[in-house]
Amino acid sequence: MTLAFASRRAPPPGGPPRGVLGLLTISLALSAAACEPDAPPPRHPRPAASAAPPPAPAPAEPPPAAYPLAPKSGVVDTLHGVRVADPYRWLEDLGSEPTRAWLGAEAALTRRWFEGVPTRERIGQQIAAAQNYERTWPPRRAGARWFSVRNSGLQDQPVLYVADAPTAEGKPLVDFNQVSPDGRLAFAGLRVSPRGAYVAYGLSHGGSDWVEWRVREVATGRDLPDRVAWAKYYAPAWSQDEKGFYYSVFPRPPFGQELTAKDLNCRVRLHRLGADPSADPVVYERPEHPTWQFEPHTTEDGRYLVVTTGDGQVGDRGVEEIHVLDLGAKGAKPVALAEGFDAEYSYVTSEGPTFYLKTTNGAPKGRVVAVDLRSPARASWKTVIPQGDAVLGAVERAGDRLIASSLVDASSRLSAYKLDGKGKAEIALPGVGTAFPVATPRDERSAVYLYSSFEVPPTSYRYDFATGASEPLRKPKAAIDPGGLETRRVFYEGKDGTRVPMFLVHKKGLAPDGESPTYLTGYGGFGISMTPFYDATYAWWLGAGGVLAVPCVRGGGEYGEAWARAAEKTKKQVTFDDFIAAAEWLVAQKITSPRRLAIAGASNGGLLVAAAATQRPDLFAAVVVEAGVLDMLRFHLTGQGEGWTGAYGSPEAPDEFRALFAYSPVHNVKPGARYPATLVVTGENDGRVAPWHSFKFAAALQAAQAGPAPVLLYLETMAGHAGGTTLSAAIRNKADKYAFVMRALEVQPP
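All of the points below concern the structure found in this document. Being a predicted model, the structure only gives us computed values, none of them experimental. (Residues numbered from 1 in each chain as written. Predicted model: local features only at pLDDT ≥ 70, side-chain atom pairs only at ≥ 80, totals over all residues. Heavy atoms only, no water.)

**Observations regarding the nonpolar core**
With 122 residues, the main nonpolar core has Trp102, Met502, Leu520, Leu586, Tyr648, Phe695 and Phe697 as its most contacted residues. When sequence neighbours within four positions are dropped, the list of residues in contact with Trp102 reads Pro68, Leu69, Ala70, Trp90, Leu91, Phe695, Ala699 and Leu713. Ala235, Phe245, Val249 and Tyr284 belong to the second largest nonpolar core, which has 31 residues in total. (Core = buried A, V, L, I, M, F, W, Y, C linked by side-chain atoms within 4.5 Å. Buried < 20%, exposed > 50% of the residue type's maximum accessible area, 1.4 Å probe, protein only. Contact = heavy atoms within 4.5 Å.)

Encoded structure:
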């Protein structure tokens, strides 16, 4: 069983950045437990770059004196007949002295600016108070034991508890605050063995995607000596005998290239407890396809290993393959259940040789099919849950039922089905929100699901199959009373006339006078849906009188595959048009005005807000770009980037290059323009979206800025793509982010 957890951000820049020092820490820590016997020899920590910075002088148009000098090099690429300047290519060399010197100067500037914001400390105290409530993730059963993860309120990291019942208090099994008192190792998920004898738990090094898996014996509370390193993205799958687990692993990258090396040559290995990880046998690989990656699952009866394959990270392209290996048959070859990367395929459960898959094959809004391993041809597939008007979301097995979530105008519905798809029962939810089903063992006669909304913190419910009733297992009490808040789902027209939904959350009785400080955020990519969810910082913002606006722009999955495909590759501009139209609607409806409007987004959402800001700088007063994909002509050259070409397109294809070049934030900063106040945030250990994306964008924006609004680079030390490793660091980061936004909007915290 795997438990998922919310992302957390990290500390403010409190001194000269460590730059690649965090990267070195990762390499040194993981090399002691490396599990790739054919790892390349270590090298000095200096990732290769295409160009060095010019030794000299300032650019032709010097940036304001307040900004550190970032010399422009003469690097020019010719792509499909177009000359493309890349003056800050030298910042891609993360370990070079010029890069580190520039980062040190940027950190000093950012620190001085924040020291001049008197409300920063008060905002931090208020956000900490909003965060101070107990959070419990859904309990899961293995054998006779129940496992759950909780945070009492302001603990830096959560604690794993084991109990005899889902509602029992239980006792701590793994306190991640004690595993890593300094926060350098962050909890990164867990898997419990089938009968609950062991827990494999993951630790992220410095907030990076690199995870080391350790094993704790439940009866004794002691760790076994097993440590499996160089894993990424995918949790392990235990064998039925509890003597080992299957796991995905990458070759150990060259020393110093942990953040920039491409994610290639993934393999599935079997680790037997007590064995040397470097000798773990490979059970599945596809060396002829080095970009493919594998997510392992074992069936509940232990008979089969199910491998879901993606070209790039599983799920990124929205198309997968699934193969099954019979573990009980010596020398058995993998059998394909789905091949061809023609649709989404995800494993749900199995019943003997029958496998249940969720897929968009023949169903753009999703369906569940049953595939017999003995006759896996598509003509023999049986539809169990047919496509409906709603978009099918997560599907899990609970007891002898399938629990399926679906989306109607970006709000969840939850239904229970028998394994043959009959006997559908709707599960009543508390309101307009988001619900996720949780897998439970086959002998359970109830299901567990998680529900959350903008006003309600994540709450675990137990649904009784016999009565059809749900009850909360452990109801959290938010630090901020949601009674005075109102959530509205509105619709506005995109640039092309398409009807786009948006959630608006604010205090009841909002006066439409154009003066409300508004925080507009979105994502718009990879089929990921923006649905109502609780965030303590949002609750604080709303309590302080702010408005939260969350549009469901195209590129997301709110209306299925067609909604996502409408804004991919050469049509990606549609995402930005939808987002800009949301801002224009908010202004037209007098919810806010450009001088009171802030936009923020992370990862693909960072690209979203950066593109919106470079295209319409007049429309916003503040922009927060976190871990953004910002150089759209070189994103595919490091880490996980090549797998994103399914959504963005490839710079190597002429038509897709032209579309990418037209909106790439790094390439569309215009000298002499007046840009809004912009905070560019990145983590030094981000191997998913390399930090140089943010470095290059910040340097270009600072050099171009003709207005008085600040452009700051906020480099988080010991932080990765999801931020840092501790809650206290996340609170400091959020305090700085909102202090920046409130100062730009000229509003005061309560």
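**Structural notes on the packing of helix α7 (residues 573–588) against helix α8 (residues 604–615)**
For the pair α7 and α8, the least separation of the axes is 9 Å and the interaxial angle reads 70°. Comparing their axes, α8 and α7 come out roughly perpendicular. Of the residues in α8, those touching α7 at Gln573, Thr575, Phe576, Phe579 and Ile580 are Leu607, Leu608, Val609, Ala611, Ala612 and Gln615. Across the contact of α7 with α8, the residue classes tally to 8 nonpolar, 3 polar and no charged. (Axes fitted to C-alpha atoms, helices over the stretch in contact; angles between N-to-C directions. Helix = DSSP H or I, 4+ residues; strand = E, 2+ residues; numbered from the N terminus. Parallel < 35°, antiparallel > 145°, perpendicular 65-115°, else oblique. Nonpolar A, V, L, I, M, F, W, Y, C, P; charged D, E, K, R; others polar.)

**A short note on unusual backbone geometry**
One non-glycine residue, Trp230, adopts positive backbone phi at about 60°. Looking at the secondary structure, you find Trp230 in strand β11 (residues 222–232). Here Trp230 falls in the buried class, since its relative accessible area comes to 0%. For Asn265, which is not glycine, the phi dihedral falls at a positive 60°. Relative to the assigned elements, Asn265 resides in the loop between β13 (244–249) and β14 (267–272).

**Remarks on the pattern of salt bridges**
Where charged atoms from two side chains of opposite charge come close, those side chains can pair. In the structure shown here, the tally under the stated rule is 44 salt bridges. Among the salt bridges present, the one from Glu92 reaches Arg89, with a minimum N-O distance of 3.9 Å. Residue classification places Glu92 among the buried positions, given a relative accessible area of 5%. Three or more residues joined by partner-sharing salt bridges are found here, namely Asp77, Asp86, Arg89, Glu92, Asp631, Arg634 and Lys696. (Salt bridge = Lys/Arg side-chain N within 4 Å of Asp/Glu carboxyl O.)

**Overview of the sheet that holds strand β18 (residues 321–326)**
Spatially, the 4 strands line up as an open sheet ordered β16-β17-β18-β19, and their pairing is antiparallel. With one partner strand each, in any of the chains shown, β16 (292–298) and β19 (335–338) form the two edges of the open sheet. Strand-to-strand twist across the sheet, computed as the mean angle between neighbouring axes with direction ignored, equals 30°. Pairing of strand β17 (residues 304–311) with β18, which is carried by 6 bridges, proceeds in the antiparallel orientation. When the bridges of β18 are listed, Val307 appears paired with His323. (Pairing = 2+ DSSP bridges.)

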